[in-house]
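Residues per chain are reported as follows:
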Amino acid sequence: MQFRELKVPGAWEFTPQQFGDDRGVFLEWFRDPTFTEATGRTLDLQQANCSVSAAGVLRGVHFADVPPGQAKYVTCVRGAVLDVAVDLRAGSPTFGVWDAVLLDDVDRRAVFLSEGLGHAFLSLEDDSTVVYLCSTGYAPGREHGIDPLDPEVGIDWPTVGRDGAELEFRLSDKDAAAPSLAAALEAGLLPRFGAGAQPLG
């Protein structure tokens, strides 16, 4: 398994080795020794989620209060999504910076996002299926979001899907009503840089 840190510190891309034959394919989509080597930490698994999305569905940018925050290890087992990490940590040298990885059923990459980072993805195909491992369970009172179309953040979302057809973005009511990055910062909703993430080593 290969790995690299993204432009957003605390986010990594993992690319597994795949073993295929006439029966299909086998791969390790998470491997603790490699994960620990890359990130300098372990992943305390508390919840596993699965999301199925039509083409054009845009989910996020989501984040949780820190502490405890919620770290995520994400992959796409069917279809394709553009997965995005955004540095939402107030006071971070890379505050507002984002990076993206194509997660699909071809390269079968995964992305890890540390506590305090924002997470979003855009489905590029009907029935795109995303699964993710979470370090804490869902707690509605601690979950927040910012507008994924906020021009200040400027995420370069694709406008065509995997099949070349034009995408029409579809957001939940909650995501459509989410504040801008500036408004979330002013309201004190954002995590603070260096607060509450699992210590390295």
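Chains are numbered independently. Their residues run from 1 in the order of the written sequence. Owing to the predicted nature of the model, reporting of local features is limited to residues with pLDDT of at least 70; listing and counting of side-chain atom pairs is limited to 80 or more, with chain, interface and lining totals taken over all residues. Excluded from the side-chain calculation are hydrogens and water; included are all heavy atoms of the structure.

The protein chain goes by dTDP-4-dehydrorhamnose 3,5-epimerase in an unreviewed UniProt entry, where it is assigned to Rhodococcus tukisamuensis. As stated in UniProt under Sequence similarities (unreviewed entry), the record for the protein chain gives "Belongs to the dTDP-4-dehydrorhamnose 3,5-epimerase family." UniProt positions are given in the numbering used here, feature names are shortened, and annotations may be inferred rather than shown by experiment.

Asks: Would you take a moment to explain the packing of aromatic side chains for this structure?
Replies: Note on aromatic pairs: each is described by the distance of the centres and the angle between the planes. The rule is short: rings of Phe, Tyr and Trp, with Trp giving its six-membered ring, pair when the centres are within 6.5 Å, and they are stacked under 30 degrees, edge-to-face over 60, tilted in between. Inspection of the entire model under this criterion finds nine aromatic pairs. Note on Phe-3 and Phe-14: the rings are 6.2 Å apart at their centroids and 45 degrees apart in plane angle, and the pair reads as tilted. With Phe-3 in strand E1 (residues 2-5) and Phe-14 in strand E2 (residues 11-15), this residue pair connects regions lying eleven residues apart in the sequence. Among the aromatic residues, those joined into a cluster by ring pairs are Phe-3, Trp-12, Phe-14, Trp-29, Phe-30, Phe-35, Tyr-73 and Phe-112. Charge-over-ring contacts are defined here by two conditions on Lys NZ or Arg CZ: a distance within 6 Å of the ring centre and an angle within 35 degrees of the ring normal. Lys-7 extends its terminal NZ or CZ atom over the ring of Trp-98, reaching a point 5.8 Å from the ring centre. For the purposes of this entry, the term helix denotes a DSSP run of H or I that reaches at least four residues, the term strand denotes a run of E that reaches at least two, and both are numbered from the N terminus.

Asks: Would you explain the sheet that holds strand E6 (residues 58-64) in this entry?
Replies: To summarise the sheet geometry, strands pair through backbone hydrogen bonds and adopt either a parallel or an antiparallel arrangement. Strands are treated as partners if at least two bridges between them are detected by DSSP. As summarised here, the arrangement of the five strands in space is E9-E8-E11-E6-E13, forming an open sheet in which the pairing is antiparallel. Of all strands in the sheet, those with a lone pairing partner are strand E9 (98-104) and strand E13 (143-145), marking the two edges. Neighbour-to-neighbour, the strand axes of the sheet open up by a mean angle of 25 degrees, direction not taken into account. Pairing geometry for E6 and strand E11 (residues 117-123), over three bridges, is antiparallel. Throughout, an axis means a line fitted to C-alpha atoms (over the contacting stretch in the case of helices), and angles, computed between N-to-C directions, take values from 0 to 180 degrees.

Asks: Where do I start with helix H1 (residues 32-39) in this structure?
Replies: Side chains of residues three or four places apart in an α-helix project in the same direction, reflecting 3.6 residues per turn. For H1, the set of buried residues is Thr-34, Phe-35, Ala-38 and Thr-39. The buried residues of H1 occupy an angular sector of 110 degrees when the element is viewed end-on, so they sit on one face. Of the residues trailing H1, Gly-40 is marked for its positive phi of about 75 degrees. Exposed residues in this analysis have more than 50% of their type's maximum accessible area, buried residues have under 20%, and partly exposed residues fall in between, with area computed by a 1.4 Å probe over protein chains only. Working note: the arc is built from the helix axis to C-beta atom directions.

Asks: Just to check I follow, could you spell out the sheet that holds strand E10 (residues 110-113) for this structure?
Replies: Here we have six strands laid out as an open sheet, ordered E1-E2-E10-E7-E12-E5, and antiparallel in their pairing. Two strands lie at the open edges of the sheet, namely E1 and strand E5 (47-53), each paired on one side alone. On average, each strand axis in the sheet is inclined to that of its neighbour by 20 degrees, with strand direction left out of account. Note that strand E7 (residues 72-78) and strand E12 (residues 128-134) share six bridges and pair antiparallel. Across the sheet, residue Arg-78 finds its bridge partner in E12, namely Thr-129.

Asks: Please clarify how the environment of Ala-165 should be interpreted in this entry.
Replies: Relative to the assigned elements, Ala-165 resides in the loop between E13 and helix H2 (173-176). Taking C-alpha positions, Ala-165 is 9.5 Å from Leu-124, a pair spaced 41 residues apart along the chain. Here, two residues are considered to be in contact whenever any of their heavy atoms come within 4.5 Å of each other. Sequence-distant contacts of Ala-165, defined by excluding residues within four places in its chain, comprise Thr-159 and Val-160.

Asks: Hey, could you run me through the layout of surface pockets in this one?
Replies: To locate leftover empty space, one rolls a probe as large as a water molecule over the atoms. A cavity here means a set of points on a 1 Å grid, drawn over the protein atoms and nothing else, where a 1.4 Å probe fits but cannot get out; a pocket is an open set with protein on both sides within 12 Å along at least five of seven lines, and a residue lines either one if it has an atom within 4 Å of a point. Grid points are joined across faces, edges and corners, and a volume is the space filled by probe spheres set on the points. A volume near 530 Å³ is recorded for the largest pocket. Taken together, 29 residues make up the lining of the largest pocket; nearest its centre are His-62, Lys-72, Tyr-132, Tyr-138 and Glu-143. Only E5, E6, E11, E12, E13 and H2 provide two or more residues apiece to the lining of the largest pocket. Counting residues per element, the lining of the largest pocket draws most heavily on E6, which supplies six residues.

Asks: Please explain the UniProt feature "active site" (unreviewed entry) in the protein chain as it appears in this structure.
Replies: When the UniProt feature table is mapped onto this chain numbering, "active site" (unreviewed entry) sits at His-62 and Tyr-132. For the annotated residues, spread through 71 residues, the largest C-alpha to C-alpha distance comes to 13.6 Å, consistent with a single compact locus. In this structure, the largest pocket is lined, among the annotated residues mentioned, by His-62 and Tyr-132. Among the structural elements, His-62 can be located in strand E6. When near neighbours in sequence (up to four residues on either side) are disregarded, His-62 contacts Lys-72, Leu-117, Gly-118, His-119, His-144, Gly-145 and Asp-175. Considering the arrangement of structural elements, one finds Tyr-132 in strand E12. Judged by relative accessible area, Tyr-132 falls into the buried class, the value being 15%. The residues touching Tyr-132, leaving out its near neighbours within four places in the chain, are Gln-47, Ala-48, Asn-49, Ser-51, Lys-72, Tyr-73 and Val-74.

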